[in-house]
Amino acid sequence: MSDEEDDLILADLPDDELVPQMFDDLYDGLREEIEEAVNILLSRGWEPYRILTEALVGGMTIVGKDFRDGILFVPEVLLAANAMKGGMAILKPLLAETGAPRVGKMVIGTVKGDIHDIGKNLVSMMMEGAGFEVVDIGINNAVEKYLDALETEQPDILGMSALLTTTMPYMKVVIDTMAEKGIRDDYIVLVGGAPLNEEFGRAIGADAYCRDAAVAVETAKTFMARKHNQVTHAD
Ligand code: B1M
């Protein structure tokens, strides 16, 4: 690291240099620096929502693209997401107070019989990074758990994860049960996990299979835009 970088004092940077510096710090997974920068922007009168969208989501978009393109790998993305979480933890209560617009809400969980959660956690963090509200119901979820969460949380999206060939068929159980209860079409259902593919996603009646966390974010955004268009046309 050069002396110049060693001596960098975030509080001395004007806004138009601090925000690009935050992009770099997010990319490098520097949680403390992100937390400090968020506090600096707040002290300069930035609205929490502006910090979220321009600085944090802006930075995570770059991380997401480089992850998609194979330039960054899982460990680096987890670090970036952790830095993002540090910033989000400061902003979250303030956002709740100021009623910031929400990109969308997702309930996500790993299916029954399956305890793998690293990929699911990464998806959750990247979705939060993109401005979604995420309710993570954890691992080993029976269909009742999913249905309870849908009823309580009223999300736009249901995300399911499975890493085992023996547990992935359970996703169909959940979707079929939703259909039986007449609520299947109330939600966008996205599925993911290493043993899945697009054909499987289609066969079980999901809206889309997401290869990785970056694809999950892009797919969720596309479906949310469609949903909003439908609502506008219906008005
Ligand atoms: Co397990 N395991 N494991 N394991 N494990 C696999 C999956 C396996 C492929 C390893 C192997 O044999 N080569 C194999 C499955 C074989 C198969 O089904 N055909 C396997 C096995 C067999 C098992 C056990 C049965 C082993 C045993 O006990 N005999 C056992 C099962 C336990 C259970 O679940 N009931 C088991 C246990 C474990 C550990 C506990 C040791 C640990 C899990 C720790 C944890 O998750 N907290 C573990 C791990 C780490 C793995 C491997 C090595 C890595 C998985 C991982 O985290 N990948 C895995 C081998 C592998 O996949 N290479 C393996 C990194 C992660 C970022 O990727 O999860 O694919 P991934 O998530 C991606 C995408 O798939 C996608 O986005 C993510 C981020 O880009 N995605 C979604 C995932 N979920 C999504 C949901 C979405 C959207 C996208 O919703 C919208």
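As a reminder, the structure under discussion sits directly above these lines.
The following paragraphs examine the structure supplied in this document. (Residues numbered from 1 in each chain as written. Predicted model: local features only at pLDDT ≥ 70, side-chain atom pairs only at ≥ 80, totals over all residues. Heavy atoms only, no water.)

**A look at the pattern of salt bridges**
Proximity of charged atoms lets side chains of opposite charge pair with each other.
Okay, so step 1: As enumerated under the stated definition, the model contains 14 salt bridges in all.
Okay, so step 2: For the salt bridge of Asp69 with Arg68, the shortest nitrogen-to-oxygen distance reads 3.0 Å.
Okay, so step 3: For Arg68, a relative accessible area of 42% translates into the label partly exposed.
Okay, so step 4: The residue Asp136 makes a salt bridge to Lys120 at a minimum N-O spacing of 2.8 Å. Residue Asp136 is located in strand β2 (residues 133–136), and its partner Lys120 is located in helix α6 (residues 118–129); the two are separated by 16 residues in the primary sequence.
Okay, so step 5: Here the residues in one salt-bridge network are Lys105, Glu133 and Glu153, joined through shared partners. (Salt bridge = Lys/Arg side-chain N within 4 Å of Asp/Glu carboxyl O. Buried < 20%, exposed > 50% of the residue type's maximum accessible area, 1.4 Å probe, protein only. Helix = DSSP H or I, 4+ residues; strand = E, 2+ residues; numbered from the N terminus.)

**Describing the nonpolar core**
Okay, so step 1: Among the nonpolar cores identified, the biggest contains 52 residues, and Met22, Met127 and Ile157 are the most heavily contacted of them.
Okay, so step 2: Each residue touching Met22, except ones within four places of it in the same chain, is listed here: Ile34, Ala37, Val38, Leu41, Ala55 and Leu56.
Okay, so step 3: Counting 26 residues, the second-largest nonpolar core is a separate cluster that includes Val107, Val174, Ile175 and Val191. (Core = buried A, V, L, I, M, F, W, Y, C linked by side-chain atoms within 4.5 Å. Contact = heavy atoms within 4.5 Å.)

**Observations regarding the coordination of the cobalt atom of the ligand**
Okay, so step 1: Exactly one donor from the protein chain reaches the cobalt atom of the ligand: His116 (NE2), at 2.2 Å.
Okay, so step 2: Looking at where His116 falls in the secondary structure, it is placed in the loop between β1 (105–110) and α6. (Donors = N, O, S within 2.8 Å, 3.2 Å for Na, K, Ca; no water.)

**What to know about the packing of helix α2 (residues 15–27) against helix α3 (residues 31–43)**
The description of two helices packed together rests on the angle between their axes and the distance between the axes.
Okay, so step 1: Between α2 and α3, the least distance of the axes is 10 Å, while the angle of their chain directions is 155°. In this view, α2 runs roughly antiparallel relative to α3, as classed from their interaxial angle. Judged by the sense of rotation from one axis to the other, the crossing of α2 with α3 is left-handed. Between α2 and α3, the residues in contact are Asp15, Leu18, Val19, Met22, Asp25 and Leu26 and Glu33, Ile34, Ala37, Val38, Ile40 and Leu41, respectively.
Okay, so step 2: In terms of residue class, the contact of α2 with α3 is built from nine nonpolar, no polar and three charged. (Axes fitted to C-alpha atoms, helices over the stretch in contact; angles between N-to-C directions. Parallel < 35°, antiparallel > 145°, perpendicular 65-115°, else oblique. Left-handed = near helix turned anticlockwise from the far one by under 90°. Nonpolar A, V, L, I, M, F, W, Y, C, P; charged D, E, K, R; others polar.)

**Looking at the sheet that holds β1**
Okay, so step 1: Strand order in the open sheet made by the five strands is β2-β1-β3-β4-β5, with parallel pairing throughout. Bordering the open sheet on either side are β2 and β5 (208–210), each of which pairs with just one other strand. The average undirected angle you get between the axes of adjacent strands in this sheet is 25°.
Okay, so step 2: As paired strands, strand β4 (residues 188–192) and β5 are joined by three bridges and run parallel to one another. Among the inter-strand pairings, Val191 is bridged to a residue of β5, identified as Tyr209.
Okay, so step 3: Along the sheet, helix α7 (residues 143–153) makes contact with β1, β2 and β3 (157–161), crossing β1 at roughly 165°.
Okay, so step 4: Contacting β3 and β4, helix α8 (residues 170–180) runs over the sheet at an angle of about 155° to β3. (Pairing = 2+ DSSP bridges.)

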